[in-house]
Amino acid sequence: MMDPAQHLPRVFQNNLHRLYERVVATSMTNLSVPQPRELENLDTLAAGLDRAEAQVNAHTRNEAAKAFILVLSALFERQLRQWAVHLFVQPRKPDVQRQPFSALLTDCMTEIDMSDLGDIQDVLTEGHKIANIVRHGDGDTSADLRQIAPRLWQSDPGAYVDINPGPSPDSALLIVTDDYLRDYTRAGLRFWGRADRLPGAVNDPPF
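Report follows, based on the coordinates. Here the structure is a predicted model, which means the values were calculated and not measured.

In this section: the overall build of the protein. The number of helices and strands found in the protein is six helices and zero strands. Counted from the first residue to the last, the protein has its helices and strands arranged as α-α-α-α-α-α. The buried share among the 207 residues of the protein stands at 39%. Across the protein, contacts joining residues at least 24 apart in sequence account for 68% of those joining residues at least 6 apart. Of the roughly 11,400 Å² that the protein leaves accessible, carbon and sulfur atoms contribute 53%. Each charge class in the protein can be summarised by its mean position, and for the 21 positive and 28 negative side chains these summaries are 7 Å apart.

A separate point is helix α1 (residues 4-30). Over its 27 residues, α1 extends 37 Å from the first C-alpha to the last, a length consistent with the 39 Å expected when each residue adds 1.5 Å. The sharpest bend along α1 measures roughly 35 degrees and falls at Tyr 20. The complete set of buried residues in α1 reads Ala 5, Leu 8, Pro 9, Phe 12, Gln 13, Leu 16, Tyr 20, Val 24, Ala 25 and Met 28. Taken together, the buried residues of α1 touch α2 (45-87) and α6 (178-195). For α1, the N-terminal capping position is held by Asp 3, with its side-chain oxygen 3.1 Å away from the main-chain nitrogen of Ala 5.

Let's shift gears to unusual backbone geometry. For the peptide bond that leads from Gln 90 to Pro 91, omega is 0 degrees, which places it in the cis range. The residue Pro 91 is located in the loop between α2 and α3 (101-111) in this model. Following Lys 93, the chain continues to Pro 94 via a peptide bond in cis, the omega torsion being 0 degrees. Residue position: Pro 94 is located in the loop between α2 and α3.

At a minimum axis separation of 9 Å, helix α4 (residues 118-136) and α6 run at an interaxial angle of 125 degrees. By the angle between their axes, α4 is oblique relative to α6. In this structure, α4 meets α6 at a crossing whose hand is left-handed. When α4 is examined against α6, the residues Asp 119, Ile 120, Val 123, Leu 124, Glu 126, Gly 127 and Ile 130 are found in contact with a partner set consisting of Tyr 180, Asp 183, Tyr 184, Ala 187, Gly 188, Arg 190 and Phe 191. In the contact of α4 with α6, the residues fall into eight nonpolar, two polar and four charged.

Procedures and definitions
Residues numbered from 1 in each chain as written. Predicted model: local features only at pLDDT ≥ 70, side-chain atom pairs only at ≥ 80, totals over all residues. Heavy atoms only, no water. Helix = DSSP H or I, 4+ residues; strand = E, 2+ residues; numbered from the N terminus. Buried < 20%, exposed > 50% of the residue type's maximum accessible area, 1.4 Å probe, protein only. Contact = heavy atoms within 4.5 Å. Areas by Shrake-Rupley, 256 points an atom, 1.4 Å probe, with all protein chains shown as cover. Lys, Arg positive; Asp, Glu negative; His and termini not counted. Charge placed at Lys NZ, Arg CZ, Asp CG, Glu CD. Expected span 1.5 Å × (residues − 1). Bend = angle between axes of the 7 residues up to and from the residue. Polar contact = N/O pair within 3.5 Å; in protein donor to acceptor, adjacent residues only side chain to side chain. Axes fitted to C-alpha atoms, helices over the stretch in contact; angles between N-to-C directions. Parallel < 35°, antiparallel > 145°, perpendicular 65-115°, else oblique. Left-handed = near helix turned anticlockwise from the far one by under 90°. Nonpolar A, V, L, I, M, F, W, Y, C, P; charged D, E, K, R; others polar.

Printed below as a string of structure tokens:
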């Protein structure tokens, strides 16, 4: 009889890879890459329109990236919780469907002896926090993450300009780059590769 705890990691790795390659990477490639611009005085209508177009393109690209980190994180969390149902003896306390993500991730990695992959755990946990900020806006998670990962809010004003009217909440100024989407996806692929204990497992997929 097929054991889901053994076979799901390979299925999940392939599903995550396909989503990134076919949807995320393709969509980001089709969006205009914002070019840094000098913030000079705009003395012509054409210059003003060019600036407005650049700002909208940069804003749209960043909003798309934030939406994709939300999608990727949601997929990984659903995968993790489905796998955990088979990984642990049920019924289990705390229940895998209600246990906080970071605690469940730690329990799963401990259960299958992945304690050496702290870098993967850090990326997946941070991505989960970013997804919560994208979903809910400002709050405790946003404040905490801004303290421990200020790089996510650093941006050259000439490359990205917030277009919200008036002062913007911190969550609106969060920057998610193409590199971050790729790094997050690679962490998920490496996690499932290491969780895959069947012959032919791809522990560190080329990406």
